[in-house]
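Tertiary structure, described
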Amino acid sequence: MSQSDIPPSAQKVVDFLAAAGHPHEVVMLPVTGRTAADAAAALGVELGQIAKSIVFRRKSDDAAVLVVTSGDLRVDEKKVATLVGKLGRADADFVKAATGFSIGGVSPIAHSKAPVMLIDRELFRYTQIWAAAGHPYTVFPLSPDELVELTGAPVAEIA
């Protein structure tokens, strides 16, 4: 993919991955990967291999809480709240302000402000997963271990 094809929001992810020495490149999808199902279909992978990023708003301090889980699972808000505190809904404006990314393209890395973050252990069912790269049309491949390495986030049972 040429540099000119990369949306500015995805360029932050490209730069972060390069600085971290990540071996895989950001991929531009031919269709939107706004939903996990869309991304899985475009990539020809299982729905569970899509590492979807769900953002909540922690009620105690308005912190962004980013949960990364498999595309085939639903986040159990009660489990997340037990780990990080009471949660509220995060609207599109909050998500953009807190992460620097729009809903449908929230990457697990390269945020404008570091969120409270949790990684679902169910992602470890797969050797390769795909995460949003800052834009609804961009994704990047990695292993669950690389996700932990790149984010420093703890792994928990949250689905």
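Heads up: the structure comes first, above all this text.
A word on the overall build of the protein
- If you tally the helices and strands in the protein, you get five helices and eight strands.
- In sequence order, the secondary structure elements of the protein are arranged as α-β-α-β-β-α-β-α-β-β-β-α-β.
- Its C-alpha atoms give the protein a radius of gyration of 14 Å, within 12% of the compact-globule value 15 Å for 159 residues.
- Taken along the three principal axes of its C-alpha coordinates, the protein extends 45 × 30 × 25 Å.
- Looking at the protein as a whole, 49% of its 159 residues are labelled buried.
- In the structure as shown, the protein presents an accessible area of about 7,700 Å², 52% of it carried by carbon and sulfur atoms.
- Between the averaged position of the 15 positive side-chain charges in the protein and that of its 18 negative side-chain charges there is a distance of 10 Å.

Structural notes on the layout of surface pockets
- By volume, the largest pocket is sized at about 440 Å³.
- In terms of lining residues, the largest pocket is bounded by 24 residues, among which Arg34, Lys52, Ser53, Ile54 and Gly104 are the most central.
- The set of elements that each furnish at least two residues to the lining of the largest pocket consists of helix H2 (36-43), strand S2 (50-58), strand S4 (87-89) and strand S6 (129-132).
- Broken down by element, the lining of the largest pocket gets its largest block of residues, seven residues, from S2.
- Of the residues contributing to the lining of the largest pocket, the split by class is 15 nonpolar, six polar and three charged.
- Taken as a whole, the second largest pocket holds about 190 Å³ of empty space.
- As for the second largest pocket, its lining consists of Lys52, Ile54, Phe56, Leu73, Arg74, Val75, Glu77 and Arg89.
- For the lining of the second largest pocket, the element with the highest residue contribution is S2, accounting for three residues.
- Residues belonging to the lining of the second largest pocket are distributed by class as follows: four nonpolar, no polar and four charged.

A word on helix H5 (residues 144-151)
- Along H5, the residues that are buried comprise Pro144, Leu147 and Leu150. Along the axis of H5, the buried positions cluster into a sector of 120°, meaning they face one direction only. The exposed residues of H5 that point more than 90 degrees off its buried face are Asp145 and Glu149.
- Looking at the buried residues of H5, the elements they touch are helix H1 (8-20), strand S3 (64-70), strand S5 (116-120), S6 and strand S7 (138-142).
- Where H5 terminates, the next one or two residues include Gly152, which has phi positive at roughly 70°.

Regarding the pairing of S7
- Buried residues dominate S7, accounting for five of its five residues.
- Neither face of S7 is exposed, since Thr138, Phe140 and Leu142 on one face and Val139 and Pro141 on the opposite face are all buried.
- In the sheet, S6 pairs with S7 via four bridges, with the strands oriented antiparallel. Within S7, the position partnered with Ala131 by the bridge is Phe140.
- The turn joining S6 and S7, which pair antiparallel and follow one another in sequence, is formed by five residues; a positive phi near 95° is taken by Gly134.

Cut-off values and rules
Residues numbered from 1 in each chain as written. Predicted model: local features only at pLDDT ≥ 70, side-chain atom pairs only at ≥ 80, totals over all residues. Heavy atoms only, no water. Helix = DSSP H or I, 4+ residues; strand = E, 2+ residues; numbered from the N terminus. Rg over C-alpha atoms; globule rule 2.2 N^0.38 Å. Buried < 20%, exposed > 50% of the residue type's maximum accessible area, 1.4 Å probe, protein only. Areas by Shrake-Rupley, 256 points an atom, 1.4 Å probe, with all protein chains shown as cover. Lys, Arg positive; Asp, Glu negative; His and termini not counted. Charge placed at Lys NZ, Arg CZ, Asp CG, Glu CD. 1 Å grid on protein atoms, 1.4 Å probe; cavity = no way out; pocket = protein on both sides within 12 Å on 5 of 7 lines; lining within 4 Å. Points joined across faces, edges and corners; volume = space filled by probe spheres on them. Nonpolar A, V, L, I, M, F, W, Y, C, P; charged D, E, K, R; others polar. Arc of directions from axis to C-beta. Contact = heavy atoms within 4.5 Å. Pairing = 2+ DSSP bridges.

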